[in-house]
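Given next are the chains, with one letter for each unit.
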Amino acid sequence: MAGLTLPRFQIVTDLDALAEATYLVEAVVEDHGSKAALLAELAGHAREDAVLATTTSSLSISELAQASGRPERFAGLHVFNPVPRMELVELVFPHAASEDTRERSRELCVAMGKTPVEVPDIPGFVVNRLLFPYLFSAVELMSETGLAPEDVDRCMTMGAGLPMGPIALLDFVGLDVAQAIGESIGTPIPERLITLVNEGALGRKAGRGFYAYT
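What you see as residue numbers is a count from 1 along each chain, following the sequence as written. Side-chain atom pairs in this predicted model are given and counted only at pLDDT of 80 or more, local residue features only at pLDDT of at least 70, and totals for whole chains, interfaces and linings cover all residues. Side-chain calculation: all heavy atoms of the structure are included, whereas hydrogens and water are not.

1. Comments concerning the pairing of strand S3 (residues 23-26)
Here, strands pair whenever DSSP counts at least two bridges between them. Secondary structure is summarised from DSSP: a helix means a run of H or I of at least four residues, a strand means a run of E of at least two, and numbering begins at the N terminus for each. Sheet analysis places S3 next to strand S4 (residues 51-54), joined by 4 bridges and oriented parallel. Residue Leu24 lies in a different strand from S4, and its bridge partner there is Leu52. Handedness of the β-α-β unit built from S3, helix H1 (residues 32-43) and S4 comes out right-handed. When the strands point away from the viewer and the path from the first strand over the helix to the second turns clockwise, the crossover is right-handed.

2. A look at the packing of aromatic side chains
Between the rings of Phe, Tyr and Trp (Trp by its six-membered ring), a pair exists once the centres lie within 6.5 Å; its type follows the angle of the planes, with under 30 degrees stacked, over 60 edge-to-face, and the other angles tilted. A complete count under the given rule lists 2 aromatic pairs for this structure. With a centroid separation of 5.8 Å and 65° between ring planes, the pair formed by Phe132 and Phe136 is classed as edge-to-face. Of this pair, Phe132 and Phe136 both sit in helix H4 (residues 127-145), 4 residues apart, which is roughly one turn of the helix. For Phe136, a relative accessible area of 2% corresponds to the buried category. Only protein chains enter the accessibility calculation, which uses a 1.4 Å probe; a residue is then buried when its area is under 20% of its type maximum, exposed when over 50%, and partly exposed in between.

3. Some points on the sheet that holds strand S5 (residues 74-79)
The strand order across the open sheet formed by 5 strands is S3-S4-S5-S6-S7, and the pairing between neighbours is mixed. This sheet does not close on itself; its edge strands, each paired only once, are S3 and strand S7 (115-118). The sheet shows a mean angle of 30° between the axes of neighbouring strands, taken without regard to direction. For strand S6 (residues 88-92) and S7, the ladder comprises 4 bridges, and the chain directions are parallel. Across the sheet, Leu88 pairs through a bridge with Thr115, a residue of S7. Here, two residues are considered to be in contact whenever any of their heavy atoms come within 4.5 Å of each other. For helices, the fitted axis covers only the stretch in contact; all axes are lines through C-alpha atoms, and the angles between them, taken along N-to-C directions, range from 0 to 180 degrees. Of the strands in this sheet, S3, S4, S5, S6 and S7 are in contact with helix H3 (residues 99-111), which crosses S7 at around 145°.

Structure follows, in structure tokens:
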């Protein structure tokens, strides 16, 4: 299929169709090998002045930039779920990124109606570095006390004013993604979560995680 045109969008399956794009954002599975391979392939199809970007939530931006072969034109754009509601984009650059790349990335975030905050290239960046130890502690609390997921989530939404409880959020993110982030930032991962991942119960996208979905 050469392409399908929709209002403001064109869906293509041929990478050569991206040759005129000025800013390319990769959003494949949270795995360094998969992302690095795709970014290197994209670099071979993109125009010379195009910026390549990744949506990783935990992987090294500097390493992905090197894999792309274009570290001076590379950026990390960590967009948060649910995308229509969340304003923040964690913006991460390798040291080699040019000022043009940095400025165009900031402008793109603003054009999407988001607020970019430049953060250091460390595992988990800022939000996930702080968030996932909390999410995992909620799972451990369930195991220690026998609390139901609904009760943990009610306590944190009603008592702490959070928009989503920790267990529901883990299911929303994807338990396999949560495990990958935990491994990346070096935070102990609850056995209960690992067991669910091994069973294929990956959360909302799989129809089952800590909750069952219909």
